[in-house]
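Coordinates in review
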Amino acid sequence: MDEKRNALLTVGLVCAVLFVLGVADLCNSDRVYSESENRVLASRPVFSWESLLSGKYGDAYEEYMSDQFTGRDKWVGIKTRADILFRKKEVNGVYLGSDHYLIGVNDPEEYTQQMEDSRIVSLKKLVNRWDAKVMLVPTADNILTDKLPAFAPCYDETRLLAKVKESVGEENYIDVYSALQEHAGEPIYYRTDHHWTSLGAYYGFLAWADSMGKFPYPYNTAGMKTVSEDFQGTLQSRINVAWTKDKIQYFPETEKKPVTVTYDFADTADSLYAPEYLETKNQYGFFLNDNHAFIEIHTGYNAGKTLFVIKDSYANSMIPLLTAHYETIYVVDLRYFNGKLFQLMEQYEPEQGMDVLVLYDCIHFLEDFKFY
């Protein structure tokens with residue numbers, strides 16, 4: 001009799017919790033954007049019998065429920081604390097590495113040979129048409145291997161880089177992997193975010209200059225200016241517990257000459273940096289005013305020299321270093337640009353021609369590199 005009563009009480013308690021959460025979900029409107037995670041949240045999927053039978057509706061609804069679950073951020077934090085208590089080394093797609101490094105999990109099974117080949121075919125079209133230089137930046141799990149938990153699986157980006165190098169040719173390939181590996185003991189990646197730091201971007205800049213046969217502008221790494229000491233990035237947001245804090249730094253030499261920066265054909269600024277982002281969760285937005293479909297930069301350097309950059313957000317902290325080598329820099333982020341890329345490039349190419357740089361981290365290249 002007691003067992004039956006306990007079972008009924010348990011069922012009743014679970015139903016009551018589900019009822020309260022359900023009512024809360026109905027009362028609260030869906031969130032569009034998560035500032036803590038710096039991403040757009042899933043919206044309620046549109047029902048159709050076709051999507052239901054194919055399984056796409058169920059997958060989309062599961063993602064929607066996960067993103068819009070009431071009190072989601074607090075529940076994630078509670079779960080993370082429990083996982084840490086039980087000495088788990090991977091939480092919500094993040095490895096809890098040594099030396100307080102959070103490193104994003106890149107599941108090898110998600111990045112197939114077919115995906116690699118598809119992206120490389122598109123890349124080769126771009127390189128053949130524009131003689132573009134290609135810099136694919138390895139993510140922290142491939143460089144900071146000593147920080148990973150023992151036996152932690154990760155996608156081997158060296159295979160992708162070898163295929164890219166063979167496809168585009170050594171003269172168009174920029175080997176930033178070796179440059180970063182050589183400096184792996186230095187703070188070249190943030191501890192709480194998936195991006196490289198300004199120091200990491202500087203080593204990428206040196207690799208670019210070497211590939212271009214240019215003498216690099218002499219930036220002083222010892223003179224980097226610190227604008228924030230409390231940065232906690234996207235990886236910290238995914239575990240949602242207090243963690244170590246990172247510094248946001250930049251090279252003040254990039255401000256020696258005046259610049260004009262136009263974002264998305266409309267808003268104009270006189271700086272490569274946006275200090276207002278330092279008061280938000282997304283402090284990495286300090287570089288180039290976060291992400292935009294199209295940016296046009298005019299500098300006081302090297303009259304007649306033009307660069308066209310096709311990029312993801314890794315480029316945001318390196319592009320300021322390139323300004324000392326070009327009078328004009330055009331920047332396009334294919335994640336936000338909906339037009340025809342080659343048509344845009346032809347429109348902005350000067351009569352004397354321009355340099356073209358493709359700059360992505362390896363994972364975003366596989367996930368996001370596509371154009372029309």
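In what follows, the structure referred to is the one given above.
**Remarks on the pattern of salt bridges**
- By the definition in use, this model includes nine salt bridges.
- For the salt bridge of Lys 147 with Asp 99, the shortest nitrogen-to-oxygen distance reads 3.5 Å. On the criterion of sequence distance, the pair formed by Lys 147 in the loop between helix 6 (140-143) and helix 7 (157-168) and Asp 99 in the loop between strand 4 (94-96) and strand 5 (102-104) is long-range, its members being 48 residues apart.
- For Lys 147, a relative accessible area of 16% gives the class buried.
- Residue Asp 99 is classed as partly exposed on the basis of its relative accessible area of 42%.
- Asp 99 is paired through a salt bridge with Arg 191; the nearest N and O atoms lie 2.8 Å apart. Of this pair, Asp 99 sits in the loop between strand 4 and strand 5 while Arg 191 sits in the loop between helix 8 (176-182) and helix 9 (198-212), placing them 92 residues apart in sequence.

**A short note on helix 9**
- For helix 9, spanning 15 residues, the distance from its first C-alpha to its last is 21 Å, which sits close to the expected 21 Å at 1.5 Å a residue.
- By the criterion of burial, helix 9 is predominantly enclosed, with eleven of the 15 residues buried.
- Taken together, the buried positions of helix 9 are occupied by Ser 198, Leu 199, Gly 200, Ala 201, Tyr 202, Tyr 203, Gly 204, Phe 205, Ala 207, Trp 208 and Ala 209.
- In this structure, the buried side of helix 9 is in contact with strand 6 (133-137), helix 8, strand 8 (246-250), helix 11 (319-322) and strand 14 (355-361).
- Taken from the residues just after helix 9, Gly 213 is the one with a positive phi, measuring 70°.

Reading the values: the criteria
- Residues numbered from 1 in each chain as written.
- Predicted model: local features only at pLDDT ≥ 70, side-chain atom pairs only at ≥ 80, totals over all residues.
- Heavy atoms only, no water.
- Salt bridge = Lys/Arg side-chain N within 4 Å of Asp/Glu carboxyl O.
- Helix = DSSP H or I, 4+ residues; strand = E, 2+ residues; numbered from the N terminus.
- Buried < 20%, exposed > 50% of the residue type's maximum accessible area, 1.4 Å probe, protein only.
- Expected span 1.5 Å × (residues − 1).
- Contact = heavy atoms within 4.5 Å.

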